[in-house]
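As a plain string of letters, each chain reads:
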Amino acid sequence: MAVSIRGKTLSVPILQGGMGIGVSLEKLAGAVAANGGMGTLSAAFCGFREPDFRTNAREANLRALVGQIARAKELAKGAGLVAVNVMVAAAQYADSVRTALRAGVDAVVCGAGLPKDLPVLAAEAENDEAALAPVVSGGRSAALISKLWDRRYNRVPDFVVLEGPLAGGHLGFSLAEAREAQEGRPRPISELLGEVLESLAPFREKYGRDIPVFVAGGVRNGAELRRYMDQGAAGAQFATRFIATEECDASPAYKQALLEAKGEDITIVQSPVGMPGRALKSPLIRRVEAGEQPGITRCDRCLAACEPKTAPYCISKALIAAVEGDWENGLFFCGANAGEVNALSTVEEQMDQIMNEWRTAT
């Protein structure tokens, strides 16, 4: 059951997905790690509560990230691993990666694009101990990043997160594929897992070690975790269910919005990142769909690919509104099964439940 990642051990095969802005910071990540899993902070505009954020966002974010990693590791008390999730599409992608690695994070996980230069950033940060991992959507992207790292840097991923089409937040699938999944016709994670394991096999053989694959996106419980592990996964990543915990860094109002949500309240949105995403159908999303959302009046250039003149809304402003509990103006990312989350608990209770289901599954 324990999983080895770059010389460090997870006593339980559970990753907590990074959720930004501000949903998974030091309290949530530290609690998951303390219980033997991998707790993941989100680097996305993580300094939004710093007093100088509006005037000096870049420095505020990097300063906050260093402090949050330190506090998460204190809360972990030497157990589990503390990771940071950094979006490749973020304007501060490289700075955030280097800062996290210099701060002593155990792992860097990168999604919203393929982190082609992640090993270079690790070398620049002079950290060869941290694990580096891409988020992939299938065998093709897993093979692409592995071939590139192998050819250019003589290295392959230390683990891989396979995120299926039922995940929350930004999705590595087309808008049509995301909508098909929302309508009940997703590509099975089992199928995607088989592709990823096959694509990684030559690199496992070449480097003489395992490359653990963690499945994510719509993994409901410990029984499903057991099934995917029987099919070759090292474990699973859970995210939405951790929002409804006392330790989650989001506001009580954010958690309540999730607890009150039903399946029909979840929709696919087009993000300014240029990727589809899954979120609750808040008033903001309804205004965007109706073409009634006012244009962007201020841009902090948080995303490299965002064009404020044509973007339907400011994603950083909407995510900050959400984490602070502003239902009217917030973008509330969530997974496809968010409607099944209906009670507040603790991280320890969530992880115990998952592992008890895993043990009793047949």
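Given the structure is predicted, the values throughout are model-derived calculations rather than measurements. (Residues numbered from 1 in each chain as written. Predicted model: local features only at pLDDT ≥ 70, side-chain atom pairs only at ≥ 80, totals over all residues. Heavy atoms only, no water.)

### Some thoughts on the pattern of salt bridges
Okay, step 1: Evaluation of the coordinates by the stated rule reveals 16 salt bridges.
Okay, step 2: Asp95 serves as the salt-bridge partner of Arg98, at 2.9 Å between the closest nitrogen and oxygen. Here Asp95 and Arg98 lie together in helix H3 (residues 93–102), a separation of 3 residues that amounts to about one turn.
Okay, step 3: For the salt bridge of Asp150 with Lys206, the shortest nitrogen-to-oxygen distance reads 2.8 Å. Taken as a pair, Asp150 in helix H5 (residues 139–153) and Lys206 in helix H7 (residues 189–207) lie far apart in primary sequence, 56 residues in all. (Salt bridge = Lys/Arg side-chain N within 4 Å of Asp/Glu carboxyl O. Helix = DSSP H or I, 4+ residues; strand = E, 2+ residues; numbered from the N terminus.)

### Section: the packing of aromatic side chains
Okay, step 1: A full pass over the atoms with the stated rule returns 4 aromatic pairs.
Okay, step 2: Their ring planes at 85 degrees and their centres at 5.0 Å tell us that Phe45 and Phe53 sit as a pair that is edge-to-face.
Okay, step 3: What makes Phe53 buried here is its relative accessible area of 4%.
Okay, step 4: Judged by centre distance (5.9 Å) and plane angle (85 degrees), the ring pair of Phe159 and Phe214 falls under edge-to-face. Separated by 55 residues along the polypeptide, Phe159 in the loop between H5 and strand S8 (160–163) and Phe214 in strand S10 (residues 213–216) bring together distant segments of the chain.
Okay, step 5: A residue is classified by how much of its surface remains accessible, and Phe214, at 0% relative accessible area, is buried.
Okay, step 6: Cluster of aromatic residues (ring-pair linked, three or more members): Tyr254, Trp327 and Phe332.
Okay, step 7: Taking NZ or CZ as reference, Arg227 lies 4.8 Å from the ring centre of Tyr228, over its face. (Phe/Tyr/Trp six-rings, centres within 6.5 Å; stacked < 30°, edge-to-face > 60°. Buried < 20%, exposed > 50% of the residue type's maximum accessible area, 1.4 Å probe, protein only. Lys NZ or Arg CZ within 6 Å of the ring centre and 35° of its normal.)

### Here we look at helix H1 (residues 26–34)
Okay, step 1: In terms of burial, H1 is a largely internal element, 7 of the 9 residues being buried.
Okay, step 2: Those residues of H1 lying buried are Glu26, Leu28, Ala29, Gly30, Ala31, Val32 and Ala33.
Okay, step 3: A positive phi of about 95 degrees marks Gly36, the residue just after H1.

### Focus on the environment of Leu259
Okay, step 1: Within the secondary structure, Leu259 is located in helix H10 (residues 252–260).
Okay, step 2: The spatial distance from the C-alpha of Leu259 to the C-alpha of Ala2 is 31 Å, given a sequence separation of 257 residues.
Okay, step 3: Once residues within four sequence positions are removed from consideration, Leu259 is found in contact with Ala244, Val341, Asn342, Ala343 and Leu344. (Contact = heavy atoms within 4.5 Å.)

### Let's talk about the side chain of Arg287
Okay, step 1: Relative to the helices and strands, Arg287 resides in helix H11 (residues 283–290).
Okay, step 2: Taking the relative accessible area as the measure of exposure, Arg287 reaches 17% and is therefore buried.
Okay, step 3: Excluding its chain neighbours within four sequence positions, the residues that come into contact with Arg287 are Glu292, Gln293, Glu328 and Asn329.

### Considerations on the pairing of strand S5 (residues 81–87)
Okay, step 1: Across the 7 residues of S5, 7 count as buried, placing the element largely inside the fold.
Okay, step 2: Across the two faces of S5 the burial is the same, with Leu81, Ala83, Asn85 and Met87 and Val82, Val84 and Val86 all buried.
Okay, step 3: Pairing geometry for strand S4 (residues 38–42) and S5, over 5 bridges, is parallel. Paired with Leu41 across the bridge in S5 is Val84.
Okay, step 4: Each parallel crossover has a hand, and the one from S4 via helix H2 (residues 57–76) to S5 is right-handed. (Pairing = 2+ DSSP bridges. Right-handed = clockwise from strand over helix to strand, strands pointing away.)

### Section: the packing of H2 against H3
Okay, step 1: With their axes 9 Å apart at the nearest point, H2 and H3 run at an angle of 30 degrees to one another. By the angle class used here, H2 and H3 are roughly parallel. Between H2 and H3 lies a crossing whose hand is right-handed. Where H2 approaches H3, its residues Arg58, Leu62, Leu65, Val66 and Ile69 are matched on the opposing element by Asp95, Ser96, Thr99 and Ala100.
Okay, step 2: Of the residues belonging to the contact of H2 with H3, the class tally is 5 nonpolar, 2 polar and 2 charged. (Axes fitted to C-alpha atoms, helices over the stretch in contact; angles between N-to-C directions. Parallel < 35°, antiparallel > 145°, perpendicular 65-115°, else oblique. Left-handed = near helix turned anticlockwise from the far one by under 90°. Nonpolar A, V, L, I, M, F, W, Y, C, P; charged D, E, K, R; others polar.)

### A closer look at the pairing of strand S11 (residues 235–238)
Okay, step 1: Here S11 shows no split at all, with Gly235 and Gln237 on one side and Ala236 and Phe238 on the other all buried.
Okay, step 2: Bridge analysis of strand S3 (residues 14–16) against S11 gives 3 bridges, and the strand direction is parallel. Residue pairing for S11: Leu15 is matched across the bridge by Gln237.
Okay, step 3: Sheet topology places S10 next to S11; 3 bridges connect them, and they run parallel.

### Digging into unusual backbone geometry
Okay, step 1: Cis geometry is found at the peptide bond from Gly20 to Ile21, where omega equals 5 degrees.
Okay, step 2: Structurally, Ile21 is set in the loop between S3 and H1.
Okay, step 3: You will see that Ala112, though not glycine, has its phi angle at about 55 degrees, which is positive.
Okay, step 4: Residue Asn154 is not a glycine yet carries a positive backbone phi of 55 degrees.
Okay, step 5: Mapping Asn154 onto the fold places it in the loop between H5 and S8.
Okay, step 6: The class of Asn154 is exposed, set by a relative accessible area of 58%.

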